[in-house]
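# Residue-level structural notes
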Amino acid sequence: MIILVGALAACNNNSGESTDGSTGSTSTSTTDGTGTTDDTTTESPTTGDSTTMTPTSGDTTTGGEPLTRVEQIIAALDVAMYECPERIWPDVEASYRSSQVLLASESENRAWVWNYQQGDGEPPRVSEGPLDTLPPEWTSFFNINQLGGALTLGISLDGTQETNDAIMMGGGVVWPDFATSLTFHEGFHFLSSQDDWNVGSGSRSAPYPEPWEPRYLRAQLLRSLLADVNGEDSLAAAAHWRERLHTEHADETELSRPYDCTEGSAEYVSLMMSALAELGCDATDDELLALAISHLPDGMFLGGETFDSGREYYDLGVLAGLLLRRDAVPGWELKVEDGDSPADQLLADVVPTAQPDDPALQADAQAAVDARNTVVGAEIEPMLEAMQDPEFTRIVVSMGWVLGSFRLGGFYYLAEDPNLTDVFLTFSASMGPPSGVPIEIDQLTVIAGVTTPCALASGNTVVLTIPTADIALAGNLATATNAKVQFTDLEVEPTMDVDNLPWLCPTDAGGANGAPAPQPELELHTLRAPGTEKTVVVRPRADARAPGHSPE
């Protein structure tokens, strides 16, 4: 591991990429922040207290000193993403070795670029420098962009440490550091050429109201797979539950299949790379599997019986991937890349053995889903009422204005609506329309993709509903002072719909009657994270991005 101290500022100098003119494209920084034209090298990065944590057993330097948190993370990346990533998934080594990972600590104003593609020395090199020499996007919890001509995944050390702390406070086990497992998971999505996969289109959205039966059957499938991982002979039982899912809930099964492939494989890779990072490239497959399986009870890579459709993709991928690897099934990874999910491959030739239903598990699934429907309904029903209330105003905004990412409580669609209208539950985002007027949205449930009286086309739009009393109009300038929606002097065109309900149409999107600027085709990528709240990255669709960018 070679650390290039002070080279960071110089890697941000490519036209059309992430840039920051204030730093100067040819200057570099030493550890004290002064400019220099000479990179220096050292064997370890300079770190502060917030990036230091108690090392696990054996995490020491050759001199016997404990590794800092950053050194532990970098050492894990060195092994699993550079030295032998093909041990975990075939044909990814070239992509990883030509990509970078940026570890950002806003609290220390430091950034480390792992596998720095510029400079001298044996790779993987690491460049360290002040974080504030880079554009603000690199302070985000997650970022993906070109940096110095190389595709770079950005991970927040501060944000991931908060996750570590939350896991430990909840009595959980942090293995590995969440920054490491998140890098392995998201790196597999964005740095391993997953854009070449042919998995088709699917949907993460859950119906509202949500039926409990699919959650029960997926829980039974997961139970059977876990039992087999733990040494029981239960694949025939798993095949029974899979067959029922395909028969009784074919539509949902098909919509979830692409995510069973992409998210399931990424979580499996994250688990196995974590084992590889600890044991090294010379470890046998049996040793890797044993270590990975021993950490399933930790809760990081297996969520338990939560009856959460958004978690099931990950858990199924982990369990089915472990079993496919245990059985040394040839070429299964390439079949996943072609849309054949790990669980479907594992069970395709297994003769099902009929299983009795479990009334207790059925009751647990129904109670969990009923409780979720109550919580979700408490958000969705008032929003639907507000959409029809003349005392509320509807404001159409473009998802293309989202700055980086947004947070939400879940994707849903209205199962009883013939149009199956999409809803974003408790949506939070910072938006920057072309006019530069900031729009802040906090925990507002919104309807998405519907036809409106505004000029902006329905695709990639959401409708904000707030009481008219919380909006002040001065000519064509609107100011919202609602607790959940705020903006000042946003230029709009007021209009009414066929039901005589008031709308505001931002002129940034063509107003009520104008011709809006073409809106980009977008992709939404949900980040891997514990808990129920989701962070979603908004990016241009794959065919609209510059070469070198890798999609979900």
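Remember, it's a predicted structure, so these values are computed and weren't measured experimentally. (Residues numbered from 1 in each chain as written. Predicted model: local features only at pLDDT ≥ 70, side-chain atom pairs only at ≥ 80, totals over all residues. Heavy atoms only, no water.)

### Some thoughts on the overall build of the chain
Heads up, the rule is: Secondary structure elements follow DSSP: runs of H or I of four or more residues count as helices, runs of E of two or more count as strands, with numbering from the N terminus. The buried label applies to any residue whose accessible area, calculated with a 1.4 Å probe on protein chains only, is under 20% of its type's maximum; exposed applies above 50%, and partly exposed to all values in between. Contacts are assigned to residue pairs that have any heavy atoms within 4.5 Å of one another. The Shrake-Rupley method, run with a 1.4 Å probe, gives the accessible areas here. Residue values count only the displayed protein chains as cover.
Within the chain, the regular secondary structure consists of 12 helices and 22 strands. Classification of the 552 residues of the chain by burial places 54% in the buried group. Counted over contacts in the chain with a minimum sequence separation of 6, partners at least 24 positions apart contribute 65%. Accessible surface, the chain as shown: approximately 22,500 Å² in total, 50% of it carbon and sulfur.

### Remarks on empty space enclosed by the protein
Here is the rule we go by: Whether a set of points on the 1 Å grid over the protein atoms alone is a cavity depends on a 1.4 Å probe fitting there but being unable to get out, while an open set qualifies as a pocket with protein on both sides within 12 Å along at least five of seven lines; lining residues are those with an atom within 4 Å of a point. Grid points are joined across faces, edges and corners, and a volume is the space filled by probe spheres set on the points. Throughout, the ten residues Ala, Val, Leu, Ile, Met, Phe, Trp, Tyr, Cys and Pro are labelled nonpolar, Asp, Glu, Lys and Arg are labelled charged, and all others, Gly among them, are labelled polar.
Under the criterion given, the structure shown has 2 cavities of 30 Å³ or more. For the largest cavity, the calculated volume is near 120 Å³. Along the walls of the largest cavity sit Arg218, Leu221, Arg242, Leu245, His246, Thr253, Arg257, Asp260, Leu316, Ser341, Ala343 and Asp344, which together make up its complete lining. Looking at the lining of the largest cavity, the elements that each hand over two or more residues are helix H5 (213-229), helix H6 (235-248), helix H7 (250-279) and helix H11 (342-347). Counted by class, the lining of the largest cavity contains 4 nonpolar, 3 polar and 5 charged residues. In this structure, the second largest cavity is lined by Arg215, Ala219, Leu222, Gly304, Glu305, Thr306, Phe307, Asp308, Arg311, Glu312 and Asp315. Partitioning the lining of the second largest cavity into residue classes produces 3 nonpolar, 2 polar and 6 charged.

### Observations regarding H7
So the rule is basically this: Helix span, expected: 1.5 Å multiplied by one less than the number of residues in the helix. The bend at a residue is defined as the angle formed between two axes, one fitted to the seven residues ending at that residue and one fitted to the seven starting there.
Counted at 1.5 Å a residue, the expected span for H7 with its 30 residues is 44 Å, and the 41 Å between its end C-alpha atoms agrees. The sharpest bend along H7 reaches about 35° and sits at Ser256, with the proline Pro258 one to four residues further on. Among the 30 residues in H7, 21 count as buried, and that is most of the element. One or two positions beyond H7, positive phi appears at Gly280, with a value near 95°.

### Considering the state of the cysteines
Basically, it comes down to this: The criterion for a disulfide is a pair of cysteine sulfur atoms lying within 2.5 Å.
In the structure shown here, the tally under the stated rule is 2 disulfides. The side chain of Cys84 participates in a disulfide bridge whose partner is Cys281; the two sulfur atoms lie 2.0 Å from each other. One quick way to see it: the torsion about the S-S bond of Cys84 and Cys281 is about -90°, and its sign makes the bridge left-handed. Here the residue Cys84 occupies a position in the loop between helix H1 (69-83) and helix H2 (93-97), and Cys281 occupies one in the loop between H7 and helix H8 (285-294), the gap between them amounting to 197 residues. What pairs with Cys454 in a disulfide is Cys505, and their sulfur atoms sit 2.0 Å apart. The sign of the -80° torsion about the S-S bond sets the Cys454-Cys505 disulfide as left-handed. Within this pair, whereas Cys454 is found in the loop between strand E15 (439-448) and strand E16 (461-467), its partner Cys505 is found in strand E20 (residues 502-506), the two being separated by 51 residues in sequence. Look at Cys505 and you get buried, because its relative accessible area is 1%.

### Side note on the packing of aromatic side chains
Where we set the bar: Each Phe, Tyr or Trp ring, with Trp reduced to its six-membered ring, pairs with another whose centre is within 6.5 Å; inter-plane angles below 30 degrees give stacked pairs, above 60 give edge-to-face pairs, and intermediate values give tilted ones. The criterion is that NZ of a Lys, or CZ of an Arg, lies within 6 Å of the ring centre and within 35 degrees of the ring normal, and then a charge sits over that ring.
Taken as a whole and assessed by the stated rule, the structure comprises 15 aromatic pairs. Each ring, one from Phe406 and one from Phe424, has its centre 6.0 Å from the other, and the planes form 10°; the classification is stacked. One end of the pair, Phe406, is in strand E12 (residues 405-408); the other, Phe424, is in strand E14 (residues 422-431), with 18 residues separating them in the sequence. Take Phe406: its relative accessible area is 1%, and that puts it in the buried class. Look at Phe424 and you get buried, because its relative accessible area is 8%. Ring pairs connect the aromatic residues Trp89, Phe188, Trp197, Tyr268 and Trp332, which therefore count as one cluster. One residue, Arg97, lies across the ring of Tyr82, its end atom 5.4 Å from the ring centre.

### A closer look at helix H9 (residues 309-326)
Rule in force here: Pairs of N or O atoms are called polar contacts if they sit within 3.5 Å, as long as, within protein, a hydrogen donor faces a hydrogen acceptor (for residues adjacent in sequence, only side-chain-to-side-chain pairs).
For H9, spanning 18 residues, the distance from its first C-alpha to its last is 26 Å, which sits close to the expected 26 Å at 1.5 Å a residue. Within H9, 17 of the 18 residues are buried, which leaves the element mostly enclosed by the surrounding structure. The N-terminus of H9 is capped by Asp308, whose side-chain oxygen sits 2.9 Å from the backbone nitrogen of Gly310. Phi for Ala328, located one or two positions after H9, is positive at around 55°.

### What about the side chain of Asp497?
Definition in use: His is not counted, nor are the chain ends, whereas Lys and Arg count as positive and Asp and Glu as negative. Salt bridge criterion: a side-chain nitrogen from Lys or Arg within 4 Å of a carboxyl oxygen from Asp or Glu.
By secondary structure assignment, the location of Asp497 is in the loop between strand E19 (485-496) and E20. Although Asp497 is buried, it forms no salt bridge, and the closest oppositely charged side chain is Arg394 at an N-O distance of 5.2 Å. If near-sequence neighbours (up to four positions away) are discounted, Asp497 is found in contact with Pro453 and Trp503.

### Considering the nonpolar core
Here is the rule: Among buried residues, those of type Ala, Val, Leu, Ile, Met, Phe, Trp, Tyr and Cys that are joined through side-chain atoms within 4.5 Å constitute a nonpolar core.
Met81, Trp89 and Leu225 are the most contacted members of the largest nonpolar core, which has 85 residues in total. Residues contacting Met81, with those up to four places away along its chain left out, are Ala76, Tyr96, Val101, Trp114, Thr183, Phe184, Leu191 and Met273. Membership of the second largest hydrophobic core comes to 53 residues, among which are Ile439, Val462, Phe487 and Val536.

All we've got here are geometric facts, nothing functional implied.
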